Amino acid sequence: MDKTFQPADIESRWYEEWEAKNYFAPRGGEPAYSIMIPPPNVTGSLHMGHGFQEAIMDTLIRYHRMRGHNTLWQVGTDHAGIATQMVVERQLEAAGSSRVELGREAFVDKVWQWKEESGGTITRQLRRLGSSLDWSRERFTMDPGMSAAVQEVFIRLYREGLIYRGQRLVNWDPALHTAISDLEVISEEEQGHLWHFRYPLVGGEGHLTVATTRPETMLGDSAVAVHPDDERYRHLIGRSVHLPLTGREIPVIADDYVDREFGTGCLKITPAHDFNDYDVGKRHGLPLVNIFTDSAEISAAAPEAYRGLDRDSARKRIVADMESAGLLDKVEDHTLKVPRGDRSGVIIEPYLTDQWYVDARALAGPAIKAVENGDIRFVPRQWENTYFAWMRDIQDWCISRQLWWGHRIPAWYDDAGNVYVGDSEQAVREAHELAADVALQQDQDVLDTWFSSALWTFATLGWPEETDDLATFHPSSVLVTGFDIIFFWVARMIMMTLHLRDEVPFHTVYVHGLVRDAEGQKMSKSKGNVLDPIDLIDGIDLESLVAKRTAGMMQPQLAARIEKATRKQFPDGIAAYGTDALRFTYYSLASTGRDIKFDLGRIEGYRNFCNKIWNAARYVLMNAEGEDAGAGSGEVELSLADRWITDLLDATTRTVTEALASYRLDLASQALYEFIWNEYCDWYLELSKPVLWDEAASAAQKRGTRRTLVGVLEATLRLLHPFMPFITEEIWQAVAPLAGKGGATIMLAPYPEAGSTPADKEAAADIEWLKAVIVGVRNIRGEMNIPPGRELPVLLAGGDERDRVRLKQNSQYLKKLAKLRGIDWLQAGEEAPAAATALAGDLEILVPMAGLIDKDAEVSRLTREIGKLEQDLSRIGKKLDNKSFVDKAPTDVVAREQEKYRAQQQAVTTLKEQLVRIRQM
RNA sequence: AGGACUAUAGCUCAGUUGGUUAGAGCGCUACCUUGACAUGGUAGAGGUCCCCAGUUCGAAUCUGGGUAGUCCUACCA
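Residues numbered from 1 in each chain as written. Chains lettered and ligands numbered in written order. Predicted model: local features only at pLDDT ≥ 70, side-chain atom pairs only at ≥ 80, totals over all residues. Heavy atoms only, no water.

## A look at the packing of aromatic side chains
Phase 1: Evaluated as defined, the whole model comprises 33 aromatic pairs.
Phase 2: Look at Trp112 and Trp405: their rings are 5.2 Å apart centre to centre, the planes differ by 80°, and that puts the pair in the edge-to-face class. Here the residue Trp112 occupies a position in helix α5 (residues 104-128), and Trp405 occupies one in the loop between β16 (400-401) and β17 (411-413), the gap between them amounting to 293 residues.
Phase 3: Here Trp112 falls in the partly exposed class, since its relative accessible area comes to 28%. (Phe/Tyr/Trp six-rings, centres within 6.5 Å; stacked < 30°, edge-to-face > 60°. Helix = DSSP H or I, 4+ residues; strand = E, 2+ residues; numbered from the N terminus. Buried < 20%, exposed > 50% of the residue type's maximum accessible area, 1.4 Å probe, protein only.)

Dropping the structure here:
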């Protein structure tokens, strides 16, 4: 074995073997445990959020698999309609072509081609993370099975009246030329202006002043509204105003939607371009004047002067024209919320079109109930409130998209505009007995990507067939996801699955936090603070990192800033930490209800942890290989340390198991870290040395220590395997045979279970005593700068019979671990030599100072120690003097404080006497 | 405008039902290449648990009110 842990080669070797041997597939057993991966974008690549999420799922999956459950981790990818189409369109543009030029069929072929080319990236990356996904069942949201399921669902819901087609205002993306759902619109505050326009009253006397943030929409105004009770304008209701620049006259109407306090109290109404105005227009029977094309340029419905202008130019022109007409009252600065498309980033336009909708209200009821009654549980719980809030006020879901990449809507139209929904044109013709000469045209639109994702948990298992897999693995056990897609995906899965299958898609939703950068910023390409998990695994040099982060930047000045920041933050690039270290970092930061700030210091710490495990294993193998490690029938004698560490492993197993059950991977990883490093390595391995290296130790004793050494390591590796799959497998292969364990892989070895035997409290107490004495000596050594190699003589004083017994049993340990030359009891009446003092309970540990220890140094050390103790003593004293504490606190608490007080007092007395003695020297 | 979450060491974070000397890692200081490991060992320094009030014998923990930050939902032109 190498002296340091080298993850790269080990990782690829083991993953290939696991996959080749089909260890990831379900293997029967009871009960079933299944997780459906949130399908990543097929043409995407892995980011830190994926890394985090997959790591969590893999731990849960490996844990249940080792427990012998029938475990399925369903893998697959998503076709990601808009995102993927955009990428391919951009490629075409770069090549001087376009989607339109290519035509629909050729374009879709092109996308498929791109999917074939780039689709392997993300799945390769998933493998690098060690994700034990069942690749033999890999699915894609546009594969034939999924497509059939999507079609089936659409038709079924249509027949049930839960999908309908309607004309209304939608969120229109004028760059992508498609409708999008409410969720895909991001509204953020931006600096803008409020323009006050004068609309002259018809009849010649005066005007009304309206305030608007969108001057260009005035061309589509249908009315001016005032509040019905507004004294200022009441007399004008029913009159008309000239709509400037258009030659139209529009009425003054009354509607209590108007806020009298805002602006002038007069509101221009543009029913075709504003959601609220649309409602007002409906109430008053106002005409819809659509002044935009589908690219949000001024349309033929507007005066000729403005036609063809984009929104921004139109705005400038209109403001200028109003000003020169003397109709611009004033302009104020104003911050407003601007709605933008989450993909395109352009301003979204409310736009009147025909679209398909899902009646979400009807589906929401059962979905709410399922969470209310606990059929589905959110972890952490608080997300249920978010879910309820949204579900109780849910809007109908616009599912049609004017894209080419996606599931084509199974609807056909005849020339009269009648709609026929069915499996195919043929099926529709037959069902509706349409003559062959009736021309039918299929709907041009595709479905929202989330429509197919909503079917993910059951469509991947063969639905609409009632397959064995469905019966076995559905509902799935847990969904692991980020809060950002609770509405997009989680809620819709729940609604669809309950409706179509009358069962929940999963029993638990584990919601994890967002992975942010070290400053707490969201990672994004434009900020240039993105970390690629693969780079943390393999490492990357500075130049490559800079190149990667600044590639394909639209704005060069951004690239310069990113480069500077990157060079500053990673002057030496990023080291190769390996998958296990990366995963462990995720777990350690995965406390619930909290985002993760990814800190390089942590991953480095866990890389070191891997190395620690590696070297501990080297030590164990070094001492056990070729030796009798107690797996046979030879007599075995267990030492105190053996009993203690075995017990502690048991306690750790319990902690880890409980933490896993409550999705506290941070607590699980912490318990493992502490046990392995602070107990097994720091103490147990050291305690094993005196036995193994002692000529006088019996074969049975050595056998006992070797057996414990190997046995505890072997079990610990299994305990750790779901978290650190690679290093544990590599070491386990060498260690398991020594422990008498068989099996081809640790992956399928049983997960340790906490034993039922009561804790060996005596062993624990003895080890605590031992540690206290050793730490006492080390403290003196450390404070006095005595080299660790120098052996010290030690005298013991005070203490009771138990201390004497313990010393007798543990002197070998003490000598070795505290580097002692000899240990003697100070006889009664014997004068102690000048010595530095440490305490272990009532036991005094004296290290004679002769030639080693400086008097002043010891004086100040003792003084400091006494000071600390006295502070503590006075605190406890006050507590005990408080009558109501003694009266009201539970007796065991009081007793504990009293014992503490006695011990501290004793300690202070002893140290003070010692101080006096030293001073007299 | 509603709602959620967060605030603990210089930094990143734990702290379960109120009772610990408030912990870990990184960083820092000192000493040390001792036969698993310098990606290491030993020892040490470092905290007004955001502020105020309350409940309690006792509050980092419970209640109320602030402050600051992050985010979600809905939005008035």
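## Some remarks on empty space enclosed by the protein
Phase 1: The tally for this structure, following the rule as stated, stands at three cavities of 30 Å³ or more.
Phase 2: When its volume is computed, the largest cavity comes out at roughly 50 Å³.
Phase 3: Around the largest cavity, the lining residues are Ile613, Ile676, Tyr680, Leu713, Thr716, Leu717 and Leu720.
Phase 4: Elements represented by at least two residues in the lining of the largest cavity include exactly α22 (665-692) and α23 (699-720).
Phase 5: Examining the composition of the lining of the largest cavity, we find that four residues originate from one element, α23, more than from any other.
Phase 6: Looking at the lining of the largest cavity residue by residue, the class counts come to six nonpolar, one polar and no charged.
Phase 7: One number sums up the size of the second largest cavity: a volume of about 40 Å³.
Phase 8: Phe52, Tyr510, Val511, His512, Gly513, Ala590, Ser591, Thr592, Gly593, Arg594 and Ile596 are the residues that line the second largest cavity.
Phase 9: Per-element accounting of the lining of the second largest cavity gives the leading share, three residues, to strand β22 (residues 506-512).
Phase 10: For the lining of the second largest cavity, the per-class residue count stands at five nonpolar, five polar and one charged. (1 Å grid on protein atoms, 1.4 Å probe; cavity = no way out; pocket = protein on both sides within 12 Å on 5 of 7 lines; lining within 4 Å. Points joined across faces, edges and corners; volume = space filled by probe spheres on them. Nonpolar A, V, L, I, M, F, W, Y, C, P; charged D, E, K, R; others polar.)

## So, the sheet that holds strand β15 (residues 397-398)
Whenever strands of a sheet pair, they do so through backbone hydrogen bonds, lying parallel or antiparallel.
Phase 1: Ordered in space as β5-β4-β13-β15, the four strands form an open sheet in which the pairing is antiparallel. The open sheet has two free edges, formed respectively by β5 (178-180) and β15, since each of these has just one partner strand.
Phase 2: Taken together, the three bridges between strand β4 (residues 163-173) and β5 define a ladder with antiparallel strand orientation. From the neighbouring strand, Trp172 faces β5, where its bridge partner is Ala179. (Pairing = 2+ DSSP bridges.)

## Focus: the environment of Ala671
Phase 1: Note on placement: Ala671 falls in helix α22.
Phase 2: On the accessibility criterion, Ala671 (15% relative accessible area) is buried.
Phase 3: The spacing of Ala671 and Thr653 is 18 residues in sequence and 8.8 Å in space, taken between C-alpha atoms.
Phase 4: Sequence-distant contacts of Ala671, that is, excluding residues within four places in its chain, are made with Thr652, Thr655 and Val656. (Contact = heavy atoms within 4.5 Å.)

## Brief notes about the environment of Ala836
Phase 1: Counting through the fold element by element, Ala836 comes out in strand β27 (residues 835-840).
Phase 2: As a C-alpha pair, Ala836 and Ala491 span 345 residues in sequence and 68 Å in three-dimensional space.
Phase 3: Not counting residues within four places of it along the chain, the set of residues in contact with Ala836 comprises Ile780, Ile845, Leu846, Val847, Met849, Ile853, Glu858 and Arg861.

## So, the protein's contact with RNA strand B
Phase 1: Close to RNA strand B lie 61 residues, the nearest being Phe262, Asn276, Lys337, Ser591 and Lys888.
Phase 2: The sugar-phosphate portion of RNA strand B accounts for 66% of its atoms within 4 Å of the protein, the bases making up the rest.
Phase 3: One of the side-chain nitrogen or oxygen atoms of Asn779 is found 2.9 Å away from a phosphate oxygen of RNA strand B.
Phase 4: Every element with two or more residues in the surface near RNA strand B is listed here: β7 (207-212), β12 (328-341), α20 (600-624), α22, α25 (761-783), α27 (855-881), α28 (883-888) and α29 (891-920). (Near = heavy atom within 4 Å. Polar contact = N/O pair within 3.5 Å; in protein donor to acceptor, adjacent residues only side chain to side chain.)

## Some remarks on the environment of Glu16
Phase 1: Position of Glu16 relative to the elements: it lies in helix α1 (residues 7-20).
Phase 2: When its relative accessible area of 56% is taken as the criterion, Glu16 is described as exposed.
Phase 3: Sequence-wise, Glu16 and Arg127 are 111 residues apart; in three dimensions their C-alpha atoms are separated by 9.0 Å.

## A short note on the nonpolar core
Phase 1: Ranked by size, the top nonpolar core spans 211 residues in total, and within it Phe378, Tyr387, Met391, Phe451, Tyr680 and Phe723 carry the most contacts.
Phase 2: Ignoring anything within four residues of it in the chain, the contact list for Phe378 reads Val371, Trp383, Glu384, Tyr387, Ile486, Val490, Val509 and Val511.
Phase 3: Tyr199, Met218, Cys266 and Val289 belong to the second largest nonpolar core, which has 36 residues in total. (Core = buried A, V, L, I, M, F, W, Y, C linked by side-chain atoms within 4.5 Å.)

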